[in-house]
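Observations on the model geometry
In case you want the letters, here they are:
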Amino acid sequence: MKKTIIEVKQLKKDFFVGEITVHALRGVNLEIKEGEFVAIMGTSGSGKSTMLNILGCLDKPTSGSYFLDGISMGELSKNELANLRNIKLGFVFQSYNLLSRTTALENVELPLYYNSKIKSKERRERAEAALEAVGLTDRMHHMPNQMSGGQQQRVAIARSLVNDPVVILADEATGNLDTRTSYEIMALLQDLNQKGKTIAFVTHEPDIAKFMTRQIVFRDGHIIREEYVTNRNNAAELLKSLPIEESV
Amino acid sequence: MNYLNSIKIALNALKRNKFRAFLTMLGIIIGVASVIVMLAIGQGSKKSIQDQMSGMGTNLIFAMPGSEQKGGVRMGNSDAQSMKLSDIDAIEKNCPAISDVSPEVRSSGQAVVGNQNWPTSIYGVNNKYFSIRKYTIGTGRTFTENEIQTYAKVCLVGKTIVENLFAKTDPIGQTVRFGNIPLLIIGILGEKGENGMGQDQDDLIMAPYTTVQKRILAITHIQSIAASAASETQNEAAIEQMTESLRQSHKLKAGEDNDFQVRSQSEMVQMFSSISNVMTILLGAISGISLLVGGIGIMNIMYVSVTERTREIGLRLSVGGRGNDILLQFLIESILLSVFGGVIGITLGIVATQVMASIMSWPVVITTLSVVMSFLVCSAIGIFFGWYPARKAASLNPIDALRYE
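Remember, it's a predicted structure, so these values are computed and weren't measured experimentally.

So, how was this worked out
- Residues numbered from 1 in each chain as written.
- Chains lettered and ligands numbered in written order.
- Predicted model: local features only at pLDDT ≥ 70, side-chain atom pairs only at ≥ 80, totals over all residues.
- Helix = DSSP H or I, 4+ residues; strand = E, 2+ residues; numbered from the N terminus.
- Rg over C-alpha atoms; globule rule 2.2 N^0.38 Å.
- Buried ≥ 20, exposed ≤ 12 C-beta atoms within 10 Å, placed from the backbone.
- Contact = placed C-beta atoms within 7 Å.
- Domains from an automatic or database assignment.
- Core = buried A, V, L, I, M, F, W, Y, C linked by C-beta atoms within 7 Å.
- Axes fitted to C-alpha atoms, helices over the stretch in contact; angles between N-to-C directions.
- Left-handed = near helix turned anticlockwise from the far one by under 90°.
- Nonpolar A, V, L, I, M, F, W, Y, C, P; charged D, E, K, R; others polar.
- pLDDT = per-residue confidence, 0-100.
- Pairing = 2+ DSSP bridges.

A few words now on the overall build of chain A. In terms of helices and strands, chain A carries eight helices and ten strands. Relative to a compact globule of 248 residues, whose C-alpha radius of gyration would be 18 Å, chain A shows 18 Å and is just as compact. Along the first, second and third principal axes, the C-alpha set of chain A runs to 55 × 45 × 45 Å. Expressed as a percentage of the 248 residues in chain A, the buried residues total 46%. In chain A, the share of contacts with a sequence separation of at least 24, taken over all contacts with a separation of at least 6, comes to 70%.

Rendered as structure tokens:
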């Protein structure tokens, strides 16, 4: 029996826009176990982004319970939530969100700056190890504007790995990338998942979702479909079959 | 999160925008530099006035005839003849707070040596006058008691007289004629230079008061009294005692106005100091305004910076930065800006002051106080003007901040 990383029960989230109440989540039950690679799918307005914000401890639910790695986040203060994000979570965004004019290494170091237990030497070593894990050892001292989109997203993935989180939350992480680069990123994430990382990946592209172990589809604040992927795609193999772009 | 990390983060953020950081600091740099320069000029002029004044003798107390009434008609001060030599004796006897006292009689006229002549003043004094007025004897000697008793035709001359009437020869032993009275030069006064009002203090002849009274002015009264208090702290007491002694010897009844005025040098020093204090405050205030404008510049840039870096703030919040960490980062950024700017401004101000002092030969004094003050003001500006932008940054919602375009 694998450890449960995320456990959500009867989660509801309402937004108040003027006099109208928007029910973004209407009672969601969800469990993600260690080592899973979960696709969170749905059209815009389905509640998947709200779900991700709550899973990422960036937002609090209106009601219901959420346990992250056994910790109930309901009673936590703002600062405790920040600590939780710092220690337990890794984020990957659609638009990378790297600091400009800052080297890849320093970008990856960033989360560790907010953990006072980590000294500068360890910070440097862990950042280097994370960059090595995403295959960017030779790009450590490059600035974001000297790197391609795929490389920038790898830096962002390294940043999400550096604090050794219990789960990586990715929000449309391949949304800004072409098919080939998307597959490269997926190959990297599959590799990390193989090594035991739990990943929750928000996407609306079915072909990207096919790389994951489980798909959860949201609509109108409910989970309408939840299924394990049977014929899972292997990104590394698919990459080989892609036509090699002609070099000009 | 520790402060060292906050400082590192803030430093890195500033390094990413070096030119903008420099431009932001420029306001503070100019403000601080001008504060330092203006205060140095103000303090310098104050000190130079004080130096010149105390060069005239800080313990100096003057008494001169005041307004007089004759049958209800108020008379002018200068032609009053109320002061007598007996007043001097009384002061010597009655005033323990006064160490030295000398009569003073003056006349101006033409000094003649051979075919040279020079317009100057003659002062009739006693031997104590030199120390009262802080004159030194360059060469030669002062008057003997006998010379004073016998209205001897002797004198000491100032440097300006020597330069204008004695081209090459040694003046001592020669004769200078003042108002047709030939006076034997027995000494030369040490150089004293100009006083605070630009008056040449070396352009004078000093003779025994008896000589000036009897031979030149043909009067028996004295024009004024110069005295020095035993010490600076006894100035007040000396003025009081002298006033009392003069009232007694002038036989003034209680309630009657003084027919003389007593003035002390320290009062003059205070007056001029307060004038230059006002000037210093004025100069400081004007440059203080530029410092304030510099501070507002920092606030402005920090606001722009917070808006521009909204996504960065969102990212920092999402990777575990707390509101306080963000607040601290932006606060430290603005403090660093203003403190760096302050240090550069202080350096620039000191250099500019020295350059000005050497080129325009203005008297300048850079006080530690002005340096420390402007440094503290800078830090305060950093905190004050950085606080609101930093608060704004810290209060951002991570979700909105991450999505900010």
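This next bit is on the domain arrangement of chain B. Split into domains, chain B comes out as domain 1 (3–52 + 271–403) and domain 2 (81–258). With centres defined by C-alpha atoms, the gap from domain 1 of chain B to domain 2 of chain B works out at 56 Å.

Ranked by size, the top nonpolar core spans 119 residues in total, and within it Ile40, Val108, Ala158 and Phe201 of chain A carry the most contacts. Counting residues per element, this core draws most heavily on helix α2 (residues 18–55) of chain B, at 14 residues. Ile40 of chain A has contacts with Lys48, Met51, Leu52, Ala200, Phe201, Val202, Ile216 and Phe218 of chain A, leaving out every residue within four places of it along the chain. Grouped together as the second largest cluster of nonpolar side chains are 54 residues, Leu165, Val212, Ala238 and Met242 of chain B included.

All names here are of chain B. Where helix α9 (residues 265–308) meets helix α11 (residues 323–360), the axes come as close as 11 Å, and the angle between the chain directions of the two elements is 145°. Of the two possible hands of crossing, α9 and α11 adopt the one that is right-handed. On the side of α9, the interface is formed by Ile298, Met302 and Val306, while α11 contributes Phe330, Ser334, Leu337 and Ser338. In terms of residue class, the contact of α9 with α11 is made up of five nonpolar, two polar and no charged.

On average, chain B scores 87 in pLDDT, and the residues at 70 or more come to 95%. Per-element confidence in chain B is highest for strand β7 (residues 154–157) of chain B, whose mean pLDDT is 94, and lowest for strand β2 (residues 68–70) of chain B, whose mean pLDDT is 59.

Once that is clear, we can look at the interface of chain B and chain A. Tallying the contact residues gives 19 residues for chain B and 23 residues for chain A. At the level of secondary structure, the elements contributing two or more residues to the side of chain B that touches chain A comprise α1 (3–15), α10 (310–318), α11 and α13 (398–403) of chain B. It is α10 of chain B that provides the largest number of residues to the side of chain B that touches chain A, a total of four residues. Of the residues contributing to the side of chain B that touches chain A, the split by class is seven nonpolar, seven polar and five charged.

Let us look at the pairing of strand β6 (residues 89–92) of chain A. All names here are of chain A. Burial of the side chains of β6 extends over both faces: Leu89 and Phe91 are buried on one face and Gly90 and Val92 on the other. Inspection of the sheet shows β6 paired to strand β7 (residues 167–171) by four bridges, in the parallel sense. Within the sheet, the bridge partner assigned to Val92 lies in β7 and is Ala170.

Turning our eyes to something else, we now look at the sheet that holds β7 of chain A. Residues and elements named next belong to chain A. If you trace the six strands from one edge of the open sheet to the other, you get β6-β7-β8-β3-β9-β10, paired in mixed fashion. With partners counted over all chains shown, the strands left at the sheet margins are β6 and β10 (222–228), one partner each. Within the sheet, the average angular offset between the axes of one strand and its neighbour, ignoring direction, is 20°.

With nine of its ten residues buried, helix α3 (residues 104–113) of chain A lies for the most part within the structure. Tucked into the core, α3 of chain A has its buried residues touching α2 (78–88), α4 (120–133) and α5 (149–161) of chain A together with α1 of chain B.

Okay, the environment of Gln241 of chain B next. Residue and element names in this part refer to chain B. Looking at where Gln241 falls in the secondary structure, it is placed in helix α8 (residues 235–249). The exposure class of Gln241 is buried, given the 21 C-beta atoms found within 10 Å. Beyond its immediate stretch of four places on either side in the chain, Gln241 contacts Asn94, Cys95, Ala97 and Ile98.

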